[in-house]
Structures are given as C-alpha cells and as structure tokens.
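Residue strings, one per chain:
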2 protein chains.
Amino acid sequence: MTALPTADDIAHLDATDPLADLRRRFMLPDGEIYLDGNSLGVASHDAMAALDMAARKEWAQDLIRSWNSAGWFDLPVELGDRIGALIGAGPGQTVVSDTTSINVYKALHAAIGLREGRNVIVAEAGSFPTDLYMAEGVISTLPGMSLRLEGREADRIEDLIDDHVAVVLVNQVNYRTGALRDVTELTRIAHGAGAVVVWDLCHSAGALPVELDASGADFAVGCTYKYLNGGPGAPAFIYVARRHLGQVDQPLSGWWGHARPFAFETGYDGDPGIRRFQCGTQPILSMRALKGALDIWDGVDMHAVRAKSMALTDLFIRLVEGKCSGLGLTLTSPRDPQERGSQVAFAHDDAYQVMQALIERGVIGDFRAPDVLRFGFTPLYLSFADVARAADVLMEVLESGSWRDERFAVRAAVT
Amino acid sequence: MTALPTADDIAHLDATDPLADLRRRFMLPDGEIYLDGNSLGVASHDAMAALDMAARKEWAQDLIRSWNSAGWFDLPVELGDRIGALIGAGPGQTVVSDTTSINVYKALHAAIGLREGRNVIVAEAGSFPTDLYMAEGVISTLPGMSLRLEGREADRIEDLIDDHVAVVLVNQVNYRTGALRDVTELTRIAHGAGAVVVWDLCHSAGALPVELDASGADFAVGCTYKYLNGGPGAPAFIYVARRHLGQVDQPLSGWWGHARPFAFETGYDGDPGIRRFQCGTQPILSMRALKGALDIWDGVDMHAVRAKSMALTDLFIRLVEGKCSGLGLTLTSPRDPQERGSQVAFAHDDAYQVMQALIERGVIGDFRAPDVLRFGFTPLYLSFADVARAADVLMEVLESGSWRDERFAVRAAVT
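Residues numbered from 1 in each chain as written. Chains lettered and ligands numbered in written order. Predicted model: local features only at pLDDT ≥ 70, side-chain atom pairs only at ≥ 80, totals over all residues. Heavy atoms only, no water.

### Focus on the overall build of chain A
The cut-off we apply is this: Working definition: helices are DSSP H or I runs of at least four residues, strands are E runs of at least two. Numbering for both runs from the N terminus. Each radius of gyration is computed over the set of C-alpha atoms, and the globule rule expresses the reference value as 2.2 Å times the number of residues to the power 0.38. Accessible surface area values rest on a Shrake-Rupley calculation with a 1.4 Å probe, where residue burial reflects the displayed protein chains alone. Neither His nor the chain ends contribute to the count of charged residues, in which Lys and Arg are positive and Asp and Glu negative. Working definition for charges: the position is that of NZ of Lys, CZ of Arg, CG of Asp or CD of Glu.
Counting its regular elements, chain A contains 12 helices and 13 strands. What you see for chain A is a C-alpha radius of gyration of 22 Å, in line with the 22 Å of a compact globule of 415 residues. Surface summary for chain A: the accessible area is close to 13800 Å², and the carbon and sulfur share equals 49%. Side chains of chain A carry 37 positive and 55 negative charges; the gap between the two charge centres is 3 Å.

What follows is the structure in structure tokens.
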C-alpha cells in the first residue's frame, strides 16, 4: 500500500486546480463541507442576483410585460440550449420544463410511438425509483405493454434487449453506487435490436462529459438542481434527438407545446420542434435562479470537471480506506474512476446514524436506505482540502463511536 | 340613464372599502393602474420576504436539511390546504403541484377511471385552450374516447351530458368574457347523468367564493399566479373530493405520489390520499413565494372580496359605457354581476392597438385575439380611484385616436 497523501500533497492539488477560482462564486455554508451536491447543489451569487432581478424588477415592476421584455417566454428553450451545451447536444433539441418524472413520461410515450408493435420497456431494478413508477404509469394507459428489469429478469441490461423492446430507460450514473454506464455502447446495442433509449442524466449532467449527439442518443431527461446548482426543485430538462423531432408526439399536449400557443386555437397542433415537449407555464422564479446558476458554466471545460471529479473521488476513497480500515465501511462504488460518476458510496450497518453524526460534525452527505453513506463531489466548488477534512471527520466519528448516541437514531421525514 | 359617479362618490367607495388596507401589502407598479391580475398577479412584500428566506437561508445556508427543517417536503399539501380554504375545500383534498395543464391530465384520467365503460369527455369550445389540448392528449392514449364541445355539438353544455359521458371539463369563469358558471347546478346535472366534473378554477380561485365541498364537486384544478398572486408560473393546484380519494388513480405516478417516497421501492404504491396527485419534485423557490403570497389571505372574507369585485367591475362598465359611447366598444362580458367573474371584456375592431396605447399610458390590461380588450380587477389591491382613472384613460385614448399610431401595430411574441 502506498503512503497516504500528506497535507502538502493536498495543498499542491488545490494550488494547481484549474477550477479553483470558481469556488468563490458559490455561497458555501459556513464551517461545513458539503458533499451532497448530488442531492441539492449549492447556491451561487449568480443565482441570487438572477433571482433578485426576476422577483424585484421583472415580476414586481414590469409584471406581465416581462413575458416579452425579460424573455420569460423563451426561457425553456434558452435554458435548454445552455444545458444542451453541457451534455453534448446541439441547439434546438433540449428544453427545460416540468420535472424529471414528467419528462420520463413524455420521453417514454414518444419513444413507444416510434416503435409501434413492440411492447416492452426495459429498465433497471436499481433505477432511481421514479423512473420505474413513471414507466408503470405509461404502461397503465397502454394495454399489452410490459416492463423488464435488469436485476430481476436478467443480471445485465444488455441481455434483456430483443426485438420486442420498444425502449430502454436507463440511468447513466446509478444514484446509489455511482456506477457509470457507457452511453455510446448501450445505445449501439439497443439500436442494433431496433429499440430506442431514454437516458436519465440526473446524476451525470454537470458532473462529467455527456456526448448525446455523438453517442447517437435518442432521448434524455435530467434534473437541474444537483450538479447544475439550479436551486431546490428547479425545473428539469428533456432532450430529443433532432432526427426524431417532427416524428414524435407525447400526450402531455399543453398549450406551451402548441405551434401557436397565443393564437388560442381550439385544436392542438404540436410544434414540430423541441417546444412540443413543453406543456404548461413554468415556474419563472425557479427558472431564473437556474439561469443565473448556468452563467457559472460559461467557459468551463467539462473535461477539466471530469478530471477533477475523478481526482476528488479517488482521494476520498484512498483516505477513507487508509484511515478507516476495520471500522465497518465497505466501498460500494466502482473502484475504477472510469466506471464511476462523481460520487462515492460506502455501506455501513448503521449508515443512517453515522450520517447523522457526520452532519452534526459539519460533513454533509446523505443516507440512502438501507445501508448507504453517499457522498457527492461537485468539482465546481469543492477543494481537495475539503475532501481530506471530510475523511478525517469520518474517521473520528467511526473511531469514537459517537454515532451510537441515541439522538442519531430518530429518523426525519426525508432522509 | 343615471348620472355617472362623481369624484366624491369614488372617494366614498374607497373610504368605506373594508379591504382597502390590504393594498399596502402589495408592490404596485409605480404610476400604473394594473388591470391584468387575471393574467399575472402583483408581487407582495410577503412574497418577497418568503422568497428571500427560501433563497438566502433555506437554500444557501441550510441546503439539503431544509427539506425537513423548512418544511419543504410538506409544502405541496400545506399550500394545498391553504388554497383549499379559499375554494371551499376541507383539508386533505387539495395539493399544489405541477401546472394547470398537467393537473387537467391527472384529473381527467382519474375521472375516466371512475366511470369505466363511458367514452365521452364534454368540454367547451370556448374553454381556455390548454384544457382542450390536454383532453386531446388523454384521448390519444385511450382508444374509443372522444370529445364533445359546447359551442360545436350544442349551444349549451347541459345538452351534451348523457349516459355516454364520463367527465365534464369546464371553466368556472370564461377566460375571455368572464362569464361565470354555477358550480352546484352543473355538478348536479352531470351527477344526474352519472358523469363527474373537473372544474377549471384558474379565473375564479381568489376572485370569488368557490364552494367545492358544498357544491358536491368531484375534481378541480387551477393556477396560483392570477388572483392568488403567487408569482409568475407559480405551481398549480388540484382538488379531489374526499369521497373519491383511495378509489382514483392517475398515470403520472411519480415518486412524490408514492405512499413511501423515501423507501425507494421498486414498485409504485400510490398514497391513498391527495399526495397521490403529486408526481415529481416541485420548484421550491416558486413554492415559497406562493406561500408568502398566501399569508395575505389570512382573515380575508371571500364574500367581501366578491362584493368589492362586483362593485369594481360594475363601476368600470358604467364609467366606460358612459364616457366612451360611440367609440367602438362593445361589452362582451355579462352585464349582470352575478353572472360575471372579476373581469370585464370589451370588443373593439382594433383591440390590439388600443391595448398597446393604453399600456403606454399606464393602464395595463391585456388583449385576447382576435378583438378583445380584457381588464381584470383584483379586489385585494385595486381601488375605486384606479378604476375611475382607467376609464378616463380609455376614453382619452379612444377619443384622441392615439392608438392608430403605427408603433402600436407591431405585435410582440406574447400578447
């Protein structure tokens, strides 16, 4: 075993970090190390300024005129294109609207419409659950359609894809383990069987390079409140490959997806472009905070983000395994950084209590039932010193047994 | 014709207005008379304070913990109950989530599920269009279902309701004319034919007393950014009568509608209560602004709101008809205030240009194609003096012909 990095090594990593300057744009919580950006990203001065402008000027002073003068009307497609640039999507294929769950519903219906006569949706038993729940909802309205799950009907998703499959719904990064899938390869396999793929990018957008267009992707969805730092519950995005636009439909056919929404026509005539995947009026205050947050990404190289992400997560694994040996932790994330997103998960028999004790000590991660300590690493605002300190605190908590205190055993509503 | 009210009469109306004190809680635009609260309600100090708290404290400082500590998790049902109190709905039947369009989709599916074997949706050709578009979306996934429209298949909606009809989707207040329907009477007729009703309350919630429970209503939806002043695009609400809860389902079955959303189960098990009508994570910043805006309603008597609304709209009609005779206006709203919501519409051949000229003079209403000048009257922040001044400006614009200036002929994207 090689020696653990020293304080000097850590300082050197921070001193040579090309993304280090971005940290000052964020409002990091005082005295805490926030390793939960994969659940809710940190606020930024940019987001606050945008939100103030939206609330105090655009809403309070300009009111209804802001739909034109402040560009509210085009925010969904404007923000869609800006997110598109971060996920390898050319303009006009991505729109910000609604929630990830709603967008899964739209994408599945659109995908199934492209593959009439096929009657299977393939997904993962280990998927973030709402994707499966939405697939169930789609199936409830389409008699004869059924769901096949990796981890239930077969171990590998590839083995479930045959010529009955209309669509494969799959997470690029697993929300519990951080395991990373190869978008290009799975898309190739699905296309080879005549199926299309809906990628859930919730845990990859803003965390690593996603090359949707280059991968031949069909559909993707994702949230904007994790690595994109758009604010709590900020609206989600949906991507539809240009070659499918004009050929796809989805049943959430609200007025914002109409080709002429302000003509107030009686019948629906869907926009031929990505606007068809809009539905109703979006929450503008939340959209404007997201717009501010996206300003931070101007000029950021996603490959630099990925390099730092791998370095941060590698460092955390090395330090934790080096310092917490024999203290009940088992790495459940892939050890190879190429197979891992920007998070690290350790199993522990009393993960809930350990996480509560960590939070009390100012290291904020989260717990995922039944036994996962999950730590997210956002390269835009975390330092290597943060990572080293977090590993030390974890060691202290485990060595001292402080997590056994009964006050850590009471579970809050949302964990 | 009786004499028009004098300045003294107007002053007396304001001096004796029991709601006059509420005006100071709003951030009214400087030097303008805002008669567009039925499109986007005015900002309030309460909403701004709530938004600041949500952004600067709950998000920026407390981050992920705010799901518990700031009550974010329960906001949809908390705000649902508060709106419920304004629309005659007892607790546990209303939830704030998504958009009106999405909620129409949920409600229609749930309603149709209650009436298996019936295959007709009745709606209005003059409906706000998104309701019809969403009905089309529902029909696209349910073969054999069809749409019958008042104004197309019959003049009166009552004449379309027979034993083939599963659900009647209807606006309580017409978005163009302001015509008001009797909820109790139409619900009685629909129930008599074995159908259920989905009420769209977008133009009535917060404008007049709605007695959902007492009317025997089944479902209702509505937005929160008009008379409830929740902010641009603030999330919408959906009401499901208690007697239907536990028996209804809807296909947007996201994790927030699960009985145990944070157990991360593979299969969907919908909450038996109103939470089942949630889907994904809501935009918290917009939700919190709405929460602030709803504080203003504490202790407000909706019957006083209605009395002032009728007085404001009556005054406007009297003054405009008295002062603008022969200038090309035709009242298209019901003249009887009992049959009218809180808005007044006049037709004019060049309504778009006239409205632009009014806006330039500081009287903000809106235009609805092809020929409608629409004025909304929000009793919480408008004075009778505002109404008198607006009528004077309208007279001045029409008399002078200033609206004929070519700069008013260019249409903006959103009108």
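### With respect to the sheet that holds strand β4 (residues 146–150) of chain B
All names here are of chain B. Definition in use: If DSSP finds at least two bridges between two strands, the strands pair. Fitting a line to C-alpha atoms yields each axis, with helices limited to the stretch in contact; the angle taken between N-to-C directions then spans 0 to 180 degrees. Note on contacts: a residue pair is in contact if any heavy atoms of the two residues lie within 4.5 Å.
With mixed pairing, 7 strands are arranged side by side in an open sheet as β2-β8-β7-β6-β5-β3-β4. Two strands in the sheet have a free side with no partner beyond their single neighbour: β2 (94–96) and β4. Direction aside, neighbouring strands of the sheet carry axes that sit 20° apart on average. One ladder, built from 4 bridges, connects strand β7 (residues 219–222) with strand β8 (residues 237–240); its direction is antiparallel. By the bridge assignment for β8, Val-221 is matched with Ile-238. The sheet strands contacting helix α5 (residues 100–114) are β3 (120–124), β5 (165–171), β6 (196–200), β7 and β8, and the helix crosses β7 at an angle near 170°. Along the sheet, helix α6 (residues 129–140) makes contact with β3, β4, β5 and β6, crossing β3 at roughly 170°.

### A closer look at the UniProt feature "binding site: pyridoxal 5'-phosphate" (unreviewed entry) in chain A
This is how it is decided: UniProt positions are given in the numbering used here, feature names are shortened, and annotations may be inferred rather than shown by experiment.
The positions UniProt marks with the feature "binding site: pyridoxal 5'-phosphate" (unreviewed entry) are Thr-100, Ser-101, Phe-128, Pro-129, Thr-130, Asp-131, Asp-200, His-203, Tyr-225, Trp-255 and Thr-281 of chain A. For this annotated set, covering 182 residues, the C-alpha atoms extend up to 30.2 Å from each other, a dispersed arrangement in space. Looking at where Pro-129 of chain A falls in the secondary structure, it is placed in helix α6 (residues 129–140). Excluding anything up to four places from it in sequence, Pro-129 of chain A contacts Tyr-175 of chain A together with Phe-264 and Glu-265 of chain B.

### A look at the pattern of salt bridges
Rules: Take a side-chain nitrogen of Lys or Arg and a carboxyl oxygen of Asp or Glu: if they are within 4 Å of each other, that pair is a salt bridge. When a residue's accessible area, from a 1.4 Å probe over protein chains only, is under 20% of the maximum for its type it is buried; when over 50% it is exposed; and in between it is partly exposed.
Tallied over the entire structure, the rule returns 64 salt bridges over all chains. Salt-bridge contacts for Asp-366 of chain A lead to Arg-368 of chain A; the nearest nitrogen and oxygen are separated by 3.8 Å. Residue classification places Asp-366 of chain A among the buried residues on the basis of a relative accessible area of 6%. What makes Arg-368 of chain A buried here is its relative accessible area of 7%. Arg-335 of chain B is the partner of Glu-321 of chain B in a salt bridge, and the nearest nitrogen-oxygen pair spans 2.6 Å. Placement of Glu-321 of chain B in helix α10 (residues 302–323) and of Arg-335 of chain B in the loop between β9 (330–331) and β10 (343–347) is noted, with a sequence separation of 14 residues between them. Put simply, Asp-52 and Arg-56 of chain A together with Asp-52 and Arg-56 of chain B are held in one network by salt bridges that share partners.

### Comments concerning helix α2 (residues 45–62) of chain B
Stated formally: The seven residues ending at a residue and the seven starting there each receive a fitted axis; the angle between those axes is the bend at that residue.
A maximum bend of about 30° is found in α2 of chain B at Ala-54 of chain B. Contacts from the buried residues of α2 of chain B go to α2 (45–62) and α9 (284–295) of chain A together with α3 (66–69) and α9 (284–295) of chain B. Directly beyond the C-terminal end of α2 of chain B, a positive phi value near 50° is found at Leu-63 of chain B.

### Notes on the UniProt feature "modified residue: N6-(pyridoxal phosphate)lysine" (unreviewed entry) in chain A
Residues and elements named next belong to chain A. Spelled out, the test is: By the criterion applied in these results, polar contacts are pairs of N or O atoms within 3.5 Å in which, for protein atoms, one can donate a hydrogen and the other can accept it, and in which residues neighboring in sequence qualify only through two side-chain atoms.
Annotation from UniProt places "modified residue: N6-(pyridoxal phosphate)lysine" (unreviewed entry) at Lys-226. By secondary structure assignment, the location of Lys-226 is in the loop between β7 (219–222) and β8 (237–240). If near-sequence neighbours (up to four positions away) are discounted, Lys-226 is found in contact with Gly-37, Asn-38, Ser-39, Gly-41, Cys-202 and His-203. A polar contact of 3.0 Å, which involves the side chain of Lys-226, links it to the backbone oxygen of Asn-38.

### Remarks on the nonpolar core
In a soluble, globular protein the nonpolar side chains are often hidden away together inside. Going by this rule: In this description, a nonpolar core means a group of buried Ala, Val, Leu, Ile, Met, Phe, Trp, Tyr and Cys residues linked to one another through side-chain atoms lying within 4.5 Å.
Of all hydrophobic cores here, the largest spans 246 residues; its most connected members are Phe-316, Phe-375 and Leu-394 of chain A together with Phe-316, Phe-375 and Leu-394 of chain B. Leaving out residues up to four positions away in the same chain, Phe-316 of chain B has contacts with Val-344, Phe-346, Phe-375, Phe-377, Val-387, Ala-390, Ala-391 and Leu-394 of chain B. In terms of nonpolar packing, the next biggest core, distinct from the first, is built from 71 residues, Leu-114, Ile-139 and Ile-238 of chain A together with Ala-135 of chain B among them.

### Let's talk about the relation of the copies chain B and chain A
The two chain copies are related to each other by a rotation about an axis together with a translation along it. For clarity, the threshold we go by: Here the copies were fitted onto each other by least squares, based on C-alpha atoms from residues at pLDDT of at least 70 in both.
Between the two copies, chain B and chain A, the superposition gives an RMSD of 0.0 Å; the rotation angle is 180° and the shift along the axis is 0.0 Å. As the rotation angle and translation indicate, the two copies are arranged about a two-fold axis. Comparing contact sets, 100% of the residues at the interface of chain B also lie at the interface in chain A, consistent with an isologous, same-surface contact.

### Observations concerning the pairing of β3 of chain B
Residue and element names in this part refer to chain B. This is how the line gets drawn: The path from the first strand over the helix to the second decides the hand: if it runs clockwise while the strands point away from the viewer, the crossover is right-handed.
Among the 5 residues in β3, 5 count as buried, and that is most of the element. Side chains of β3 alternate between two faces, with Val-120, Val-122 and Glu-124 and Ile-121 and Ala-123 buried alike. Taken together, the 5 bridges between β3 and β4 define a ladder with parallel strand orientation. Paired with Ile-121 across the two strands is Leu-147, which belongs to β4. Handedness of the β3-α6-β4 crossover: right-handed.

### Comments concerning the sheet that holds strand β10 (residues 343–347) of chain A
Residue and element names in this part refer to chain A. Strand order in this open sheet of 4 strands is β9-β10-β13-β12, and the pairing throughout is antiparallel. Two strands bound the open sheet, and with one partner strand each, they are β9 (330–331) and β12 (366–368). Across the face of the sheet, helix α11 (residues 351–360) comes into contact with β12 and β13 (372–376) while running at roughly 40° to β13.

### Here we look at α6 of chain B
Residue and element names in this part refer to chain B. Under the convention used in this document: Given the number of residues in a helix, its expected span is that number minus one, multiplied by 1.5 Å.
Here α6 spans 17 Å end to end across 12 residues, near enough to the 16 Å set by a 1.5 Å rise per residue. Counting buried positions over the 12 residues of α6 gives 10, a clear majority of the element. Along its buried surface, α6 packs onto α5, β3, β4, β5 and β6.

### Considering the packing of α11 of chain A against helix α12 (residues 384–400) of chain A
Two measures define how a pair of helices packs: the angle their axes make with one another and the distance between the axes. All names here are of chain A. Let me state the cut-off plainly: Under this scheme an angle from 65 to 115 degrees is roughly perpendicular, one under 35 degrees roughly parallel, and one over 145 degrees roughly antiparallel; angles in between are oblique. For a crossing to be left-handed, the near helix must be turned anticlockwise from the far one by less than a right angle; the clockwise case is right-handed. Each residue gets one label: Ala, Val, Leu, Ile, Met, Phe, Trp, Tyr, Cys and Pro are nonpolar, Asp, Glu, Lys and Arg are charged, and the others, such as Gly, are polar.
Two numbers describe how α11 lies on α12: the axes approach to 10 Å, and their chain directions differ by 125°. Judged by the inter-axis angle, α11 sits oblique to α12. Between α11 and α12 the crossing geometry is right-handed. Across the interface between the two elements, Val-354, Ala-357 and Leu-358 of α11 pack against Val-393, Leu-394, Val-397 and Leu-398 of α12. Here the residues of the contact of α11 with α12 are counted per class, giving 7 nonpolar, no polar and no charged.

### Here we look at the environment of Leu-398 of chain A
All names here are of chain A. Its location among the elements puts Leu-398 in helix α12. As for Leu-398 and Ala-154, which are separated by 244 residues in sequence, their C-alpha atoms are 37 Å apart. If we skip the residues at most four places from it in the chain, Leu-398 touches Cys-324, Leu-327, Leu-329, His-348, Val-354 and Trp-403.

### What about the pairing of strand β5 (residues 165–171) of chain A?
Residue and element names in this part refer to chain A. Among the 7 residues that make up β5, 7 are buried, leaving the element largely enclosed by the rest of the structure. By the bridge criterion, 3 bridges tie strand β3 (residues 120–124) to β5 in an arrangement that is parallel. The partner of Val-120 across the bridge, within β5, is Val-165. Sheet analysis places β5 next to strand β6 (residues 196–200), joined by 5 bridges and oriented parallel. Bridge pairing in β6 links Val-170 to Trp-199.

### Overview of the interface of chain B and chain A
The condition is simple: What gets called buried area is simply the loss in accessible area from a 1.4 Å probe that two parts show on being joined, summed for both.
Between chain B and chain A, the contact holds 81 residues from the first and 81 residues from the second. At the boundary of chain B with chain A, total buried surface from both sides reaches about 6900 Å², with 68% on carbon and sulfur atoms. At the boundary of chain B and chain A, one finds 4 salt bridges. Its salt-bridge partner being Arg-56 of chain A, residue Asp-52 of chain B comes within 2.9 Å of it at the nearest N-O pair. In this structure, the connection of chain B to chain A is made through 22 residue pairs in polar contact (both at pLDDT 80 or more).

### Section: the side chain of Asp-14 of chain B
Residues and elements named next belong to chain B. Examined against the element boundaries, Asp-14 turns out to sit in helix α1 (residues 7–15). For Asp-14, which is buried and forms no salt bridge, the nearest opposite charge comes from Lys-308, at a distance of 5.7 Å. In contact with Asp-14, not counting residues within four places along its chain, are Ala-20, Ser-383, Phe-384 and Ala-385.

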